[in-house]
Amino acid sequence: MTEAVVTINHLQKKFGKFQALKDVTLTVNAGEVFGFIGPNGAGKSTTIRTLLGILKKSGGEATIFGQDVWTDAVAIHKRLAYVPGDVYLWPNLSGGEVIDLFLKLNGQKHSPRTDELITKFKLDVTKKCRTYSKGNRQKVALIAAFSTAADLYIFDEPTSGLDPLMEEIFQQEVLALKDAGKSVLLSSHILSEVERMCDRIGIIRDGQIIETGSLADMRQLSRTQITVTTTQSAGALAALPAVHGFKQTDQHATFAVDSEALGEVMTALAPLGVKALQSTPPTLEDLFLRYYNQKEVGSNAQH
Amino acid sequence: MRNTKTAQTGLLLRLYLRRDWLKIGLWWLGLVGLMAGAAAKFDGLYGSQQAMASIITTLKTPAMVSLLGPFTANKPYTVADVYAAEMMVFMGLFVAMMNIYFGVHSSRADEDSGVSELIRAHAVGQHASLWASLLELILINGLAGVLEALGLQAAGMTGSNAAGNWLFGLGLAAFGLMFGLFTLLVAQISDSSRGATMLSYLVLGVLFIARMGTDVQNPDYTWWTIYGWIEKLDIYGQNNWLPVIYMLALTAVVAVITFVLSSRRDLGAGLLPQRKGRQFASRWLQGPLSLIARLERISTIVWLVALFILGATYGSIFGTAGDLVKTNPAMAQLIGAAATKTANQTLVLQFANKLALIFVVLATIPGLITLLRLNRDDSKGYFEQLHAKAISRLRLYLSFSAFGLIGAIVAFALGIYGMDVAGAAAMGHNAIDLTRFMRAFWGFTPALIVTFGITACLVGFLPRWQNIAWLIPAYGFFSLYLGSMLDLPKWALRLTPYGWVNAVPVHTINWGTAGWMTALGIVLIGLGYLGYRRRDLLTN
């Protein structure tokens, strides 16, 4: 299962003098859900729009199914479904018309599956699009995408206007796609969503991919938060290079440890008479904050 | 807060003016430049007795009356009388268009984009934005009127006087404001800025056609057409201020109704009921071509029907227009019955040349709207998902340009056809063959294609500047409608493709010109695609 569906190599995109994408390199493999995360304005949507052939790259390479995203756009799009972050629909068409149109444009038809999704997402398809709220427009796009038989699904912050119930349905549907062996590229800010569904994630900041890998890999690269109660003073630990943000009140000490040096610190801790120890692996939020702010994650210790 | 309903009106007004100052300035420049520029030229044009006599004969023909309004001045005629007769109705059209533009721009358009919602969420009165729009219109029109009057003063045409100059300027101001208020009213009724613009132009069109009809039949009835009030100012003659009072009174009444309606409706919704949509797409809605047809369905039908009706309306006065015995009995007697028949037909054909120009410019409009949608819908985000479908840019581009171009050509043909049908009925045994009128169709259609091609290049290469395309029909209309009377130099008439066409249907079609113009237009459309293919699409 290591066949690459999306391959992006040193992709660059300039808008005039502004370099929106500096160096984007990532791979989405067949059958995996890839989480694409990063702060606002980091280049997520620009990357996705370049993948869709809406924007023309300034440098690097991008292929989907081994075909160039610019020259072979039509061939690629036959096997792809996409939901943008902000869905805008022609105000004078009804939701039902738009869904059917989107299916037909890919040579597909309104199917029982479409009806099932309409019921699931509780959408009144007879309303004109101008009367839809943001969440309802999002549903139109989601229903059209999920009922399209495709090999690759691209979602750009798809749940930003959905209520929690609908978000749950969205997650179920994505997991169902995953079970069916489809590939998914999911850009999102909802970390629980990414944590629950994604096999691997890529973090983008300022137009550069700064980290890709599985969540487990990334945790490895991050720090574990330790709260410990000892009989003797743990003050000496503060001097260890792998220990960050050390704080001590009486016998309680809290600090963050570089995950790879955990063993070493535990060895130093053992002779101090450990009465209680709590270790918290980094959450995605911690990873996020760490990568988003380029600064040192000294704040970790303040938890 | 003193009055909660109008709180922050002043602030909003300043915001609107800051946002629109450049557009307002350009409109002012156009209006005042047109009026003062023409006024400065008129002494040279109609200074001699001969020139004066000849233009007055022309202005009194039914054809010219239908286009420009009746010539009502009393002897001795002055240059200023001719100026007022030629410019009044025409300038009225321009200021009405300006007001429709700003009226929609500062009311409905903001609601569509959601800006109004943000504004209303602040400590801003319920009626503040409507008040601000109203005040903006008053300012735009009032100052435009003052500037126009000063321009006329500066031009110092023979026979003009301060009273007439100020009445001209302020009369136009009141007239414009009245249409501005019609637009604000319509903006409450319809549920989108597009709908509001269309409905406003419909009102303008109906009133204009009504004025035309009464002017040709019996100018006294023109009082009932509202549009005709502008003629009744009788500038440089009686200088009648009564119509200004009518205009302002009607403006006030419409304003009151507008405020009442505005407080009765929800923000972002219209008063016309929202119909339920289809549950499924029709079998027919399959791809980009049927999509654009579906999106433009209603407006396309409206344009086609409107052009046919306009054509028929003008055609219906061919009987009168082509009656030399009535309009110039001395001449008719001089040349005899047989020659009179030919002369009559020539008169009609000359009139048809001007009409064909009006039709072709009007028919260009829906075509350009469709073509410009390629970028407009992109920048609104409507197309984002479409681009992720198995639809090539070529197919999308071709669908839109083909639908726009064919729609425009059919609309033009219907205008000519309407003119022919009604013209034949009005002229009886003197009727002119459809093939003669079709010369105008074959002659002007290539110009339409070239205009379309230039626009396509703008769409492809300069998407952010694509609205410049509107200058072509606007200037083409102005230069050929009034150009001969203003004695514009030849190069100024040839700035737009419409000016490259010879005087069809009076003369035969110049197939050489038609051929290369059509080819040029098609090449330009192809070139536009090359630009569209290789660039980033606009995104929301």
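Residues numbered from 1 in each chain as written. Chains lettered and ligands numbered in written order. Predicted model: local features only at pLDDT ≥ 70, side-chain atom pairs only at ≥ 80, totals over all residues. Heavy atoms only, no water.

### Concerning empty space enclosed by the protein
All names here are of chain B. In this structure the tally under the stated criterion is six cavities of 30 Å³ or more. Reported here for the largest cavity is a volume of approximately 200 Å³. Lining the largest cavity are 16 residues, with Glu 111, Arg 120, Ser 129, Arg 265 and Leu 267 positioned closest to its centre. Secondary-structure elements contributing two or more residues to the lining of the largest cavity are helix 5 (108-113), helix 6 (115-120) and helix 7 (128-155). (1 Å grid on protein atoms, 1.4 Å probe; cavity = no way out; pocket = protein on both sides within 12 Å on 5 of 7 lines; lining within 4 Å. Points joined across faces, edges and corners; volume = space filled by probe spheres on them. Helix = DSSP H or I, 4+ residues; strand = E, 2+ residues; numbered from the N terminus.)

### Comments concerning the layout of surface pockets
Rolled over the atoms, a probe as big as a water molecule pinpoints where empty space is left. Residues and elements named next belong to chain B. As a volume, the second largest pocket reaches approximately 930 Å³. Taken together, 33 residues line the second largest pocket, and the ones lying closest to its centre are Gln 350, Phe 351, Asn 353, Lys 354 and Ser 484. With ten residues, helix 15 (residues 329-379) is the largest single contributor of residues to the lining of the second largest pocket. The residue makeup of the lining of the second largest pocket, split by class, is 17 nonpolar, 13 polar and three charged. (Nonpolar A, V, L, I, M, F, W, Y, C, P; charged D, E, K, R; others polar.)

### Let's talk about helix 10 (residues 242-264) of chain B
Residue and element names in this part refer to chain B. The terminal C-alpha atoms of helix 10, which comprises 23 residues, lie 34 Å apart, in line with the 33 Å expected from a rise of 1.5 Å per residue. Among the residues of helix 10, Pro 243, Val 244, Met 247, Thr 251, Val 254, Ala 255, Thr 258, Phe 259, Leu 261 and Ser 262 are the ones counted as buried. Next to the buried residues of helix 10 lie helix 7 and helix 8 (162-189). (Expected span 1.5 Å × (residues − 1). Buried < 20%, exposed > 50% of the residue type's maximum accessible area, 1.4 Å probe, protein only. Contact = heavy atoms within 4.5 Å.)

### Here we look at unusual backbone geometry
With an omega of -5°, the peptide bond running from Lys75(B) to Pro76(B) counts as cis. Geometrically, the link from Val504(B) to Pro505(B) is a cis peptide bond, its omega value of 0° lying close to zero. The topology assignment puts Pro505(B) in the loop between helix 21 (490-493) and helix 22 (511-534). Positioned with a positive phi, Asp206(A) is a non-glycine residue whose angle comes to about 50°. One can find Asp206(A) in the loop between strand 9 (200-205) and strand 10 (208-214). Accessibility expressed as a relative area gives 47% for Asp206(A), which makes it partly exposed.

### Here we look at the interface of chain B and chain A
With 42 residues of chain B at the interface, the matching set in chain A holds 41 residues. Both sides of the chain B and chain A interface together cover about 3,700 Å² of buried area, and 54% of this is carbon and sulfur. Summed over the shared surface of chain B and chain A, the number is five salt bridges. The salt bridge partner of Arg49(A) is Glu384(B), with a shortest N-O separation of 2.9 Å. Run the count over chain B and chain A and you get 22 residue pairs in polar contact (both at pLDDT 80 or more). Listed by contribution, the elements that provide at least two residues to the side of chain B that touches chain A are helix 11 (288-295), helix 15, helix 16 (384-387) and helix 22 of chain B. (Buried area = accessible area lost by both parts, 1.4 Å probe. Salt bridge = Lys/Arg side-chain N within 4 Å of Asp/Glu carboxyl O. Polar contact = N/O pair within 3.5 Å; in protein donor to acceptor, adjacent residues only side chain to side chain.)

### What to know about the environment of Leu520(B)
Mapped onto the elements, Leu520(B) comes out in helix 22. C-alpha separation for the pair Leu520(B) and Val450(B), spaced 70 residues apart in sequence, amounts to 6.5 Å.

### Points about the packing of aromatic side chains
The geometry of an aromatic ring pair is captured by two quantities: the separation of the ring centres and the angle between the planes. All names here are of chain B. As enumerated under the stated definition, the model contains 39 aromatic pairs over all chains in all. Centre to centre, the rings of Phe 90 and Phe 477 are 6.2 Å apart; their planes meet at 20°, and the pair counts as stacked. With Phe 90 in helix 4 (residues 79-105) and Phe 477 in helix 19 (residues 471-481), this pair connects stretches of sequence that are 387 residues apart. With a relative accessible area of 16%, Phe 477 lands in the buried category. Both rings, one in Phe 383 and one in Phe 400, keep their centres 5.7 Å apart while their planes meet at 85°; by these two values the pair is edge-to-face. With Phe 383 in the loop between helix 15 and helix 16 and Phe 400 in helix 17 (residues 393-427), this residue pair connects regions lying 17 residues apart in the sequence. (Phe/Tyr/Trp six-rings, centres within 6.5 Å; stacked < 30°, edge-to-face > 60°.)

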